[in-house]
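Each chain, written out:
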Amino acid sequence: MAAAAGQRRGTAASLLSLALRLLAAAQVCGDQNQGAVFLREFTLIRRESLHDDFLSDVLNNHKTEDPSSRTARSEEDQDSLWDAWGSWSECSRTCGGGASYSLRRCLSSKICEGRNIRYRTCSNVDCPPEAGDFRAQQCSAHNDVKYQGQFYEWLPVSNDPDNPCSLKCQARGAALVVELAPKVLDGTRCYTESLDMCISGLCQIVGCDRQLGSTVKEDNCGVCNGDGSTCRMVRGQYKSQLSANKLDDTVVAIPYGSRQIRLVLKGPDHLYLETKTLQGVKSENSLSSTGSFLMDNSSIDFQKFPEKEILRISGPLTADFTVKIRYAGAADSSVQFIFYQPIIHRWRETDFFPCSASCGGGYQLTSAECFDLRSNRVVADQYCHYYPENIKPKPKLQECNLDPCPASDGYKQIMPYDLYHPLPRWESTPWTACSSSCGGGIQSRSVSCVEEDIQGHISPVEEWKCMYTPKMPVVQPCNIFDCPKWLAQEWSPCTVTCGQGLRYRVVLCIDHRGMHTGGCSPKTKPHIKEECIVPTPCYKPKEKLPIEAKLPWFKQAQELEEGAVVSEEPSFIPEAWSTCSVTCGVGSQVRLVKCQVLLSFSQSVADLPIDECEGPKPVSQRACYSGPCSGEATEYMPEETELLYGSLQEFDELYDWEYEGFTACSESCGGGVQEAVVTCLNRQTRETADETLCITSRRPPQLLKACSLDPCPPRWEIGKWSTCSLTCGVGLQTRDVFCSHLLSRETNETVILADELCYKPKPSLVRACNRFDCPPSWYPTEWQACSQTCGSGVQKRDALCKKHLADGSLLELPETFCPTPRPVTQQACKNEDCPNEWLLSDWTECSVSCGEGIQSQNAICRKVLETGGFIIVNSSLCPPLPFSSLIRPCVLGSCARHNRPAHKESPRIMAIKKVYIQTRKQKKLHFIVGGYAYLLPKTSVVLRCPTRRFRKSMITWEKDDKRLISSAHITIAPYGYMKIHHLKPSDTGTYTCIAGPAQEHFVIKLIGSNKKIIAGQPAGIMEEEAMRKVSLNEALRTEEKHINGILFNGSKAEKRGHLADTSRWYDDIVSRLLQHRRWPGENLESWEAQESTERNTSSEEDQSQEYSLPFTVVTEQKHLDDIIRNLSQQPEELKDVYTEQFVVQLAHEVFKSYLENQESVLKASRRRVDSTSVEYPLHRHVSGFTSSLRMSSAEAFLPTSIGLANGLHRPRQKPAILRKISAAQQLSASEVVTHLGQTVVLASGTLSVLLHCEAVGNPKPTISWAKNGEEVKYNDRMLLQPDDSLQILAPIEADVGFYACNASNALGSDSVSIAVTLAGKPLIKASRATVINTESPAVTADIGSTVKTIQRANVTISCQVAGVPEAEVTWFKNKVKLSSAHHLHDGLLLIANVSLSDQGLYSCKAANLRGEVTESSQLLVLEPPQPLPYLEDLTAVLSSAGTNTHSVLTSPSGTKMTVSPGSSALIGCAVDGHPIPNITWLYSGEPLSLQHHLLAAGRILQILNVSDAPGGEISCLAQNEAGSLTQKTSLAIQEYRWSVDKLMACSASCGRRGVQLPQLRCLLDGAEVNISHCKEKPKPALQPIACNRRDCPSRWMVTSWSPCTQSCGGGIQMRRVTCQRLTAKGSSVPMSNEACAQVSKRPMDTQKCNRQPCAEWVASSWGQCNGPCIGPRLAVQHRQVFCQTKDGTSVSSDQCSVLPRPLSTQNCWTDVCGVHWRVSLWTVCTATCGNYGFQSRRVDCVHVRTNKPMLEHHCSWRPRPVNWQRCNITPCENVECRDTTRYCEKVKQLKLCQLTQFKSRCCGTCGKA
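Keep in mind that this is a model prediction, so the values were computed, not measured.

J.: Which residues make up the nonpolar core, and what values do they have?
T.: Residues I917, Y934, Y1066 and L1146 are the most contacted members of the largest nonpolar core, which totals 26 residues. Going through the elements one at a time, β57 (914-918), β59 (932-935), α10 (1052-1074), α13 (1117-1127) and α14 (1135-1167) are the ones with two or more residues in this core. Of all the elements, α14 adds the most residues to this core, at 7 residues. Ignoring sequence-local partners within four residues, the contact set of Y934 consists of V915, Y916, I917, Q918, K1005, I1007, I1013, S1063, Y1066, D1067 and V1070.

Structure follows, in structure tokens:
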């Protein structure tokens, strides 16, 4: 105990010393900043360790202060007992958000209400990362203070839910958590993820605005008090898709500035991050372990679990993040992500634009610009339009420059609106329908002022912005043509000759076009009959019935016009007249007339009472005449007849006019007219009569009606043919054809439609014209390149006389056929000046007449001009010239002795005439002059010139007629040879060895990498022009003397010409030889296997084997000359074919001689080597080509081993047909003999074709022939020869095809085909078989067959083609041409590694000049059934099957599903294959007998009741052409049941209410499962069990407080407090107070209430009347109203809140407010007319009495008058171009005339400009 007391005293002493140090620090602080006690953040004090007297001393020392440090007291402070607040203390933290406080003193000896300290936040800037956590700093301050006798390193414990503002720390490495201080320092965050801070030990709310007590929060975008519009939420899901060649993939790219990022990966794969800052710096994080870390200043929290990863980033991101996934397993993974992405592009309002006027009143606008927050620059508006959240601010408008313009200025500068803002415009809606269909109506529309931005978005704006242009009319007249009106014809004569009668007329409804139509009002129709009186008196009594005339045209007019139609207005509708009541004489007719109306809603007719119809009712009875009765004609008196007929002679006449229907419609559609046909009829017979028999004056009027009013259907509109493109030959004419639709024939309005809308076939657009032969004319070729690259040269071209035939072809004719002169074929070409060069003179004569002397020549430096001339220049301007080139030795023979005559033979060069072709790279080769060499680049060449009777040191060398001298590249040796180091293209040419008068040439050509001869420029061989390439066919047309050869004894020019021509012919043959498809260069790797004895035979020491160099093939020149001579005798159309065959024959001979030479070398080597140690096979297959060459006969296939030489039997051998390379031999013009593998071309004179077929094998094979896949039927023309050759006699076109020779024996068979064709359309060897491959890695088929193969096989489709001319083969897939990237070779198409994407139709097209033919093969890819990891259909079926359905997928290894009895099950068979596999379901290996359904095309099996399947295996068998697959599953039936073997916790700890209920659990096979599985089972009855039935401990019981005894001034309230105990029976038993006092302290039973003093409202006197003006001479005055007690003490206004508060403001009268707005006169309008004029005036606020200006806010109670307005808005007259404003000279100076608004206002001035 003593030790413990000592320890506590020691601790107290140390704390006291600490407190003293802190006091000193506080004293200093207090001196510097009096009025507040402030302890800095590093002074960590435990408050309870400071004694009360110590604290009182500290506070007393700071009570005295300088009054000047106090802030001015407010009214509220003045009314209270508090002094003014002191100044703010220093912040408790320097960063991260701290607290500052301010104190105030109570000036009364009484208790002051309220607090004497207040706080605010400060230092709201983020701390640097190295500053550390503020709470951790406070914990670490205790590291040097022992706790329980031991030092600890303390770490902060944050986010304490009970007391977040206590300093709790945990010892590092231990579970010890201690509260080291009851309060943390002010400014410490309450929680790590919150801005709330601890102040004086209490957690205070801090908003995101960093203000105390603020509840403002950041939105999801990180904007304080934002609405979330500056960002958008991005949510999505990524699913991995495994790929063999792809190890990772991008999940999502998260841009800079994004927040609240969360990603969750489920699956075996792994996430990792890549970042890129705005400066372009990239980094990566593999996220290998769980933890938190920084990446580009962004804090990342990563959690890694098995099959799951979680990534969180609070943000905002300081770089662009890319989340990627690295594949790690076969199963798929999914990633769900969500984040808030900032809207980088936002609208930003601009400042006001410049004012539209410099004075006199104008306006100015703001706009909005799109701002990129990422790059801090303005961008195009469409970036902001991309975000719907972005709302573009509306432009603001304000007046500006309202001061009047100075009178002396006379000009106000006007800035056009469209210089800084897009110009608004008028926009109108469509016209409404016309108010009247005729006679003139009106139609209207709305016109508004709109503005269009850069993106084309249109928005309405104020109308005055568009007043720079006239506003469009809003009303216009329409349908101004006359309405249809009644047209009455002339009246007929009166029907009587005396007294009263009737007369009639025709009335028609005529429209404005004069056509008879409807639409006239029946109410205004003129009457068609009226009474008439003839002045002659009648003497006979009138008939009882009125007499009416019945003129035929009148009857028709009635029928036409009186046929009334029922309308929506009630009208009289007469029915048809009845037949006449008598058959002869005068009778009567009747008809029914009804009043009817059309009911619009039901479109039915209703009868109305007669009085409902207005107007006269049509007559219902009339007289009729049926002709005279027989025998009664005499009964009528003449007077009666006159009375009846009115003495009208017309009735007596036999002929009259009548309407006979209408003509056909003038148009079939689109609106036409019909005219009524008027004919002259015999009234009795009703037959047509001649028109002269009818009276012309009585002819009825012309009657028209509209018809075919339906719109026309679309039809083809055809234009005129254009002029012919050519005047002869075959030209073309074109025309326009388009599909059109005639809308109205009246307006001729036509619409162009798409072609497919016209149903009839489209007429042709093109046709041939002028199809006749053209006259012959010249056809010049293109100009060739200039013969010289500098200086003057010539260009040449050819001009041929040709005739353009009517079939489009060109016929070449002799030159004499062309009547016009031949065009120029040579012209000079101008180049730049050549560089300076030496001009050498001829060699002088030898210095001696016999023996050895010297020759010399002069050299002049010259410059050749582009004109062809030259000038002499200084020799220093030419390159250095060696002395040896100016002097050379000469030998003229030994000097003759005087006693014997001199006799000497001429020198001779021992040349070898051969052609060399290098096939393999070699360092150095040796040759002798006289031949041709085709060599590979970079080969060194030694060229020897062996001579007789000439000294080798005197030999000179030339190249292309230019002297050669030694250089670094070419060495001229004095021993009769020269050496070229590493051949290059410039070395090609003709090298000449000169030995006195004798000379020999050697031509060197280079072979390129593409096995083509590199073109050279051997200048000097053919005069000045470069050697021109000519084809072999052109060379064959040269004169025969060149073909047979020219002796080299002619002139030098002849030698050059022959050499050049020969070189061209050789080039063509060698080029074809190099391009031969089986040239050994394609298998050069086999050549490298030759022994060193073969490679070294061309060493420099052995110079006698030049003609048999290794890797260089040699042939005699005469062989090539023979080929050229033979080709000259072939017909023109077959030259290409025979050229190819001769080249093959040449290759055979060349390699045969080469192989014989090589075997001789091998034999020589074999003799030098012991045969027992090394074995040499006699036949080394150098390549596939050479092996076939060497087997030129059947004997070549015989074994040549030593065993055969000793007489052993031949081994058994499969048949093999010899493939001969030799070309077809044309024994004569009529007989062709060939071997297999070739093409035979039938000519018009061919009489016999013999096809050889040689085969070897043991046993001897049997030969048979087939044509196009069918066996050849032999006859008198198709013969099988004894040697198994097939002979075709007198071949015809039907013999064309592919002939196959088939050789077979017991071991197998072989087949080779040969094509027989005409010189015409090509042939293709096709098959119609079906090839199926299910296991082989490669398959080959002929074109035309169907190929079915498995995936990853190599498919080769063969397209064997024959034809003359040779056909070009093109491959297509699904009618699309295959690119060169495919493996196309020799008519073979290789489709490697076949996949499903390779399926399709492959076509082979063979085409030549005579036509084309196409064959196709279908490729189908087979894929055996494969299991799938999922089945989409199962999810859809399961969602509709109900909750009592279980599902499982089968698998090859088997799955298991546990189900309850009676439930249903869905079993899926997820397989894939091609074609789609057929699925068969089995139960225990047998077909299904259970009750089931098959869904989703058999892929899902639904078992309706699993009780039917007590156990066993269910499998699905998937089968297709490529294979089968079995997958299976097994069902286990187990039931779920309820269990009640556990009890819940008791509901009470004492008393009588405690019960326990059994706990329900759902079990399956003894294991607890989700309770939802048992919800179908009945639950067992649960009985509650009593528990904890015992007496409770004693406790205090209290009642509610009574009301307060006083409402103010202080009262009391009471309650009852008792001690009671709850028994086990539920009753409450009183106990003594001591029983409860032992448990807890007794609660209070009395307390004070309503202690606030009794108060009332008190008002001060009114202040001065100087408030804001609210009317004329009317202002506002104020007074103070406050709440105080009876003794005059001011208290809070809340204590008087129940009392009515007196007014604190009232109106008052003052002279200061006697003001009004004063306006000046308007200025002169800026324009006399138009829409641009405006005027301004001055507006001032002045005093009414003194008229002095006042501040404008005094007049603000009255609206300010406008200070500018539009004026003279009247249209300017367009007749006169004049100025309408007085500023036009300034407009001209400012160059504003190009703007429309200024150009129209200053028409006169701008027009002059």
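J.: Got a sec to walk through the pattern of salt bridges? Specific residues and values, please.
T.: All chains considered together, the criterion is met by 34 salt bridges. The salt bridge involving K471 is made with E463; its shortest N-O contact spans 3.0 Å. A relative accessible area of 39% places K471 in the partly exposed class. For R822, the salt bridge identified is with E815, shortest N-O distance 2.5 Å. Residues participating in the shared-partner salt-bridge network are D798, E815 and R822.

J.: Can you tell me about unusual backbone geometry, naming the residues and giving the values?
T.: Cis geometry marks the peptide bond from G315 to P316, where omega comes out at 0°. Within the secondary structure, P316 is located in the loop between β16 (308-313) and β17 (320-326). Note the cis peptide between N1258 and P1259, where omega equals 5°. By the element assignment, P1259 lies in the loop between β74 (1255-1258) and β75 (1262-1267). With a phi angle near 50°, N1588 is a residue other than glycine that sits in the positive phi range. In this fold, N1588 is placed in the loop between β107 (1585-1586) and β108 (1595-1598). Note on N1588: relative accessible area 28%, which makes it partly exposed. Backbone geometry at R1673 places phi at a positive 60°, although glycine is not the residue there.

J.: Residues and numbers for the side chain of T679, please.
T.: Structurally, T679 can be placed in strand β39 (residues 672-682). A relative accessible area of 16% places T679 in the buried class. When neighbours within four sequence positions are excluded, T679 is seen to be in contact with D656, W657, E658 and E660.

J.: Now, about the pairing of strand β66 (residues 989-995): what can you tell me, with residues and values included?
T.: When you tally the buried positions in β66, you get 7 out of 7 residues, the bulk of the element. Bridging between strand β62 (residues 956-959) and β66 involves 4 bridges; their strand directions are antiparallel. Pairing of W957 across the sheet is with C993, part of β66. Note that β66 and strand β67 (residues 998-1006) share 7 bridges and pair antiparallel. Across the sheet, residue A995 finds its bridge partner in β67, namely A998. Between the end of β66 and the start of β67, which pair antiparallel, lie 2 residues, with G996 showing a positive phi angle near 65°.

Parameters and conventions
- Residues numbered from 1 in each chain as written.
- Predicted model: local features only at pLDDT ≥ 70, side-chain atom pairs only at ≥ 80, totals over all residues.
- Heavy atoms only, no water.
- Core = buried A, V, L, I, M, F, W, Y, C linked by side-chain atoms within 4.5 Å.
- Buried < 20%, exposed > 50% of the residue type's maximum accessible area, 1.4 Å probe, protein only.
- Helix = DSSP H or I, 4+ residues; strand = E, 2+ residues; numbered from the N terminus.
- Contact = heavy atoms within 4.5 Å.
- Salt bridge = Lys/Arg side-chain N within 4 Å of Asp/Glu carboxyl O.
- Pairing = 2+ DSSP bridges.

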